[in-house]
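# Breakdown of the fold
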Amino acid sequence: MKKVLFALILAMQSMLGAEALAAPCAMSNLSAYLGLGAAGCTIGNLRFSNFALLAQPTDSIPFASISVTPFAMGANNIGLDFGVNQSDGPGVPFLDNLISYRVTALGGSITGASLFFTGSSSTGDGVVTVIENLCIGGLFLGVDGVSLCSGIPRDLIVVNIGGIADPMMSVAFLSAGALAVVTDIGVDGGLAGTASLQSASNRFRFVPEPGTLLLMAAGLLALFGFGAARAVRIPRLA
């Protein structure tokens, strides 16, 4: 039994490759995530890496004050929650931040993405917007970091305008090994309104490769067979 388990572990590690050795993502602030570089960190079977802040045309939300919380609630809900806790009043400069990063599937593929926010409010001409730009299977090659997608571009947007919120949007697509992602978080009180936002979350759907599923099934069958053989073994008479 120990040999079967050992062989199963070695085979799984071989399939996932060295990328799976990245440290698990931890709850921290955006400053820490910006320092992860290409190695990144992992949540389940997804690796998040190459975090960067894109140039801002307006006042930025201080990145040191943005918290990052990883979460995994099954293969369909793996992602990051960006806690901003920002408010903007009438005539106050528009608060904005563009967070760029890459998501890579380990031992499988990505087949969908969701964007949603919590704790949003707005009055008057105030508005909260969170836009997620995806480059499926490619990279954003434009100098602005969010244009000229070399793969398939898709956009998600959630808004709260005048107190009316549309807090969640999802998209499904053909399997991709990696995505380039830019999350644009904006809080604008307008000329005579208010706006506030607690957090914005990105979620991704992971699907294991058929080979990985077959390997796991083979391991389970081997263990089941081993246990069954022991269960039916008749003790020898002295």
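All values derive from a computational prediction rather than experimental measurement. (Residues numbered from 1 in each chain as written. Predicted model: local features only at pLDDT ≥ 70, side-chain atom pairs only at ≥ 80, totals over all residues. Heavy atoms only, no water.)

### Focus on the packing of aromatic side chains
Within the structure shown, the criterion is met by 5 aromatic pairs. A centroid spacing of 5.1 Å and a plane angle of 15 degrees characterise the contact between Phe-51 and Tyr-101, whose relative ring orientation is stacked. Linking Phe-51 in strand S3 (residues 46–53) with Tyr-101 in strand S7 (residues 95–105), this pair joins segments that are 50 residues apart in sequence. Each of the two residues, Phe-51 as well as Tyr-101, counts as buried. Ring plane angle 55 degrees and centroid distance 6.2 Å describe the contact between Phe-82 and Tyr-101, whose orientation is recorded as tilted. Here Tyr-101 lies in strand S7 and Phe-82 lies in strand S6 (residues 78–88), a separation of 19 residues in the sequence. (Phe/Tyr/Trp six-rings, centres within 6.5 Å; stacked < 30°, edge-to-face > 60°. Helix = DSSP H or I, 4+ residues; strand = E, 2+ residues; numbered from the N terminus. Buried < 20%, exposed > 50% of the residue type's maximum accessible area, 1.4 Å probe, protein only.)

### Quick look at the side chain of Glu-132
For Glu-132, the location among the structural elements is in strand S10 (residues 127–136). For the buried residue Glu-132, which engages in no salt bridge, the nearest side chain bearing the opposite charge is Arg-203, 10 Å off. When neighbours within four sequence positions are excluded, Glu-132 is seen to be in contact with Ala-113, Ser-114, Leu-115, Arg-154, Asp-155, Leu-156, Val-181, Val-182, Thr-183, Asn-202 and Phe-204. (Lys, Arg positive; Asp, Glu negative; His and termini not counted. Salt bridge = Lys/Arg side-chain N within 4 Å of Asp/Glu carboxyl O. Contact = heavy atoms within 4.5 Å.)

### Description of the pairing of S10
With respect to burial, S10 is a largely interior element, 8 of its 10 residues being buried. Note: S10 against strand S11 (residues 152–161), 10 bridges, orientation antiparallel. Each bridged residue has a counterpart across the sheet, and for Asn-133 the counterpart in S11 is Asp-155. Sheet topology places S10 next to strand S14 (residues 178–188); 10 bridges connect them, and they run antiparallel. Of the residues in S14, the one forming a bridge with Val-127 is Asp-188. (Pairing = 2+ DSSP bridges.)

### Notes on the state of the cysteines
Applying the stated criterion to the full structure yields 2 disulfides. The disulfide bridge from Cys-25 ends at Cys-41, spanning 2.0 Å between sulfur atoms. Handedness here is read from the sign of the S-S torsion; for Cys-25 and Cys-41, about 90 degrees, the answer is right-handed. Of the two residues, Cys-25 is situated in the loop between helix H1 (2–16) and strand S1 (28–29) and Cys-41 in strand S2 (residues 41–43); the sequence distance between them amounts to 16 residues. (Disulfide = S-S within 2.5 Å.)

### So, the confidence of the model for the chain
Averaged over every residue, the pLDDT of the chain is 85; the share at 70 or more is 78%. In the predicted structure, residues 2–20 sits below a pLDDT of 50 and forms 21 contacts with residues beyond four places in sequence or in another chain. Low confidence marks residues 211–226, where pLDDT is under 50. Its contacts with residues over four positions away, or in another chain, come to 16 contacts. (pLDDT = per-residue confidence, 0-100.)

### Describing the side chain of Ser-114
Tracing the backbone through its elements, the reader meets Ser-114 in strand S8 (residues 108–118). On the accessibility criterion, Ser-114 (14% relative accessible area) is buried. A distance of 2.7 Å separates a polar atom in the side chain of Ser-114 from a polar atom in the side chain of Ser-170. With residues near it in sequence (within four places) discarded, Ser-114 still touches Glu-132, Leu-156, Met-168, Met-169, Ser-170, Ser-201, Asn-202 and Arg-203. (Polar contact = N/O pair within 3.5 Å; in protein donor to acceptor, adjacent residues only side chain to side chain.)

### Side note on unusual backbone geometry
Unusually for a residue other than glycine, Asn-50 sits at a positive phi of about 55 degrees. The phi dihedral of Leu-148 falls on the positive side, at around 55 degrees, and the residue is not glycine. Relative to the elements of secondary structure, Leu-148 occurs in the loop between S10 and S11. The exposure class of Leu-148 is exposed, given its relative accessible area of 61%.

### A word on the environment of Ala-176
Here Ala-176 shows up in strand S13 (residues 168–176). Spatially, the C-alpha atom of Ala-176 lies 9.9 Å from that of Val-207, the residues being 31 residues apart in sequence.

### Considerations on the environment of Ala-26
As for its placement among the helices and strands, Ala-26 is situated in the loop between H1 and S1. Since its relative accessible area comes to 46%, Ala-26 is described here as partly exposed. Distance from Ala-26 to Pro-70, taken between C-alpha atoms, is 6.5 Å for residues 44 residues apart in sequence. With residues near it in sequence (within four places) discarded, Ala-26 still touches Tyr-33, Val-68 and Pro-70.

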